[in-house]
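# Analysis of the macromolecular model
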Amino acid sequence: MNLTGSCRPPTEPAPGHGCPVSTGRRGLWLWFWVAVLVPMAVKATPALECRLDSEPLAGDTPRAMAGRSGERVCVDSEGVLRQRGTWREGQPIGPQWQYDEQGRLRQLVYATSGRQAVLIEYHEDGSLRALRCAPASLLPEDRRLCGHQNAESESRLYRSPGQLLSVVRYRAGQLIHQSVLDEQGRVVRTETLTDGRRIKRVYYPSGQLRSETDLLERDPGGAQGRDGVAREWNEDGQLTQELTWVDGEERRLEQWHPGGQRKLLQQMAREGRHRWR
């Protein structure tokens, strides 16, 4: 029987090439099973065997941990350690490790309050795939990468082994600079923290500046809104839009035609619960 998914749907005759001949609902299910489900099953990742404080768990999904607490450890069918970490009331808490089938570390997370406060992810060759830092060091591994050793750190992240995705710099867990490259190695986006202002820029493939957002750096957990300006340009370098924020509110929007003539000017304000232009 052909298991490659190349058979015709069962409502069409199979002209003697080895495909099952059937019609109707039963035949449609058989075709779906042969062409779709079998290949999916072959490619599926084997389920892991997980334990919580040495007690077997019914599966390797978060549902099996609902409301439970303890040290969770998962191994694959070859006995290779694939996951480990502490859970509290059905949520991962603290360091969480994930390994590949060769036992190499692929992801290290510090989980808190239902989110990944720190994320360090690796490719199979040991190069960095992703990095997220916290204001304070939470793991021995984040001290150098996140600039928690009284010095600014620089790391290279890779889209795939050998293909550079971005260069990032951190100081005391704060992102100081980031340059993102496309698959051709061209800079497509940058982000820089300078003198208390976070500046984000996006570029056209030609290298021409496409947009720039210049905002005061705020406490991510604070109640203050954005304060700054965002600008956009066309590929010829002509300014086409400028939007200004004050205390988290849009205050001024100006747009221009390609020739430089003003297209739109709006002033915005708020009085209590009312907002007008």
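For the structure itself, consult the block above.
Along each chain, residues carry numbers from 1 onward, in the same order as the chain's sequence is written. The predicted nature of this model means local features are confined to residues of pLDDT at least 70 and side-chain atom pairs, given and counted, to a pLDDT of 80 or more, with totals for whole chains, interfaces and linings taken over all residues. Water and hydrogen atoms play no part in the side-chain values, which are based on all heavy atoms of the structure.

### Observations concerning the overall build of the protein chain
On a plain count of helices and strands, the protein chain comes out with 2 helices and 20 strands. The contact rule is simple, with two residues in contact once any of their heavy atoms fall within 4.5 Å. Of all intrachain contacts in the protein chain linking residues separated by at least 6 positions in sequence, the fraction that spans at least 24 positions is 18%. Per-residue accessibility takes into account occlusion by the displayed protein chains alone, with areas from the Shrake-Rupley method and a 1.4 Å probe. When the accessible area of the protein chain is evaluated, it comes to approximately 17400 Å², of which 48% is carbon and sulfur surface. Helix and strand definitions follow DSSP, with helices as H or I runs of at least four residues and strands as E runs of at least two, each counted in order from the N terminus.

### Points about the state of the cysteines
Criterion for a disulfide: a pair of cysteine sulfur atoms at a distance within 2.5 Å. The tally for this structure, following the rule as stated, stands at 2 disulfides. Here Cys50 pairs with Cys74 through a disulfide, and the sulfurs are 2.0 Å apart. The chirality of the disulfide connecting Cys50 with Cys74 is right-handed, given an S-S dihedral of about 110°. Note that Cys50 is positioned in strand 1 (residues 49-52) and Cys74 in strand 3 (residues 70-75), a separation of 24 residues in sequence. One disulfide bridge connects Cys133 with Cys146, the sulfur atoms lying 2.0 Å from each other. Here Cys133 and Cys146 share a disulfide; its torsion about the S-S bond, -80°, makes the bridge left-handed. Here the residue Cys133 occupies a position in the loop between strand 8 (128-132) and helix 2 (142-145), and Cys146 occupies one in the loop between helix 2 and strand 9 (153-160), the gap between them amounting to 13 residues. Taken as a pair, Cys133 and Cys146 share a single burial class, namely buried. Cysteine pairing for the protein chain, with bonded cysteines counted in sequence order: 1-2, 3-4. Accessibility here uses a 1.4 Å probe with only protein chains present; expressed as a share of the type maximum, an area under 20% marks a residue as buried, one over 50% as exposed, and anything in between as partly exposed.

### Considering unusual backbone geometry
For Asp53, which is not glycine, the phi torsion reads 50° and is therefore positive. As for its placement among the helices and strands, Asp53 is situated in the loop between strand 1 and strand 2 (55-56). Phi at Ser54 is positive, roughly 75°, even though this residue is not glycine. Mapped onto the elements, Ser54 comes out in the loop between strand 1 and strand 2. Take Ser54: its relative accessible area is 63%, and that puts it in the exposed class.

### Notes on the pattern of salt bridges
Criterion for a salt bridge: a side-chain nitrogen of Lys or Arg within 4 Å of a carboxyl oxygen of Asp or Glu. All chains considered together, the criterion is met by 18 salt bridges. Here Arg106 and Asp100 are joined by a salt bridge, their closest N and O atoms 3.5 Å apart. Linking Arg262 and Glu254 is a salt bridge whose minimum nitrogen-to-oxygen distance equals 2.9 Å. By relative accessible area, Glu254 is classed as buried at 6%. Salt bridges linked by common partners bring Asp100, Arg104, Arg106 and Glu124 together as one network.

### A few points about the environment of Gly79
Inspection of the secondary structure puts Gly79 in the loop between strand 3 and strand 4 (81-88). A relative accessible area of 53% places Gly79 in the exposed class. Separated by 30 residues in sequence, Gly79 and Glu49 place their C-alpha atoms 8.8 Å apart.

### Some points on the layout of surface pockets
The way it works is a 1 Å grid over only the protein atoms, where trapped points that fit a 1.4 Å probe form a cavity and open points with protein on both sides within 12 Å along at least five of seven lines form a pocket, and then any residue with an atom within 4 Å of a point lines it. Grid points are joined across faces, edges and corners, and a volume is the space filled by probe spheres set on the points. Of the pockets and cavities examined, the second largest pocket occupies roughly 330 Å³. Where the lining of the second largest pocket is concerned, the elements lending two or more residues are strand 4, strand 5 (91-99), strand 6 (105-112) and strand 7 (115-122). Here the lining of the second largest pocket gets 5 residues from one element, more than from any other, and that element is strand 5. Residue polarity is assigned by list, with Asp, Glu, Lys and Arg as charged and Ala, Val, Leu, Ile, Met, Phe, Trp, Tyr, Cys and Pro as nonpolar; anything else, Gly included, falls into the polar class. Of the residues assigned to the lining of the second largest pocket, the class counts are 6 nonpolar, 11 polar and 4 charged.

### Observations regarding the nonpolar core
Counting 17 residues, the largest nonpolar core has Ile120, Leu128, Leu131, Val168 and Tyr170 as the members making the most contacts within it. Those elements that provide at least two residues to this core are strand 5, strand 7, strand 8 and strand 10 (163-171). Ranked by residues supplied to this core, first place goes to strand 7 with 3 residues. Every residue in contact with Ile120, bar those within four places of it in the chain, is listed here: Arg106, Gln107, Leu108, Leu128, Ala130, Leu131, Glu141, Asp142 and Leu145. Buried Ala, Val, Leu, Ile, Met, Phe, Trp, Tyr and Cys residues form a nonpolar core when they are joined through side-chain atoms within 4.5 Å. In this structure, Cys50, Leu57, Met65 and Cys74 belong to the second largest nonpolar core, which totals 7 residues.

### Remarks on the pairing of strand 15 (residues 228-233)
Here 5 bridges tie strand 14 (residues 209-216) to strand 15, and the two strands are oriented antiparallel to one another. Bridging from a neighbouring strand, Ser211 pairs with Glu232 of strand 15. Two strands pair if DSSP finds at least two bridges between them. Alignment of strand 15 against strand 16 (residues 239-246), held across 6 bridges, turns out to be antiparallel. Of the residues in strand 16, the one forming a bridge with Glu232 is Gln241.

### Quick word on the environment of Leu253
Along the chain, Leu253 falls in strand 17 (residues 249-256). A relative accessible area of 13% means that Leu253 is categorised as buried. Put simply, Leu253 and Gln266 are 13 residues apart on the chain and 5.1 Å apart in space, counted from C-alpha to C-alpha. The contacts of Leu253, once residues within four sequence positions are left out, are Gln241, Glu242, Leu243, Leu264, Leu265, Gln266 and Met268.

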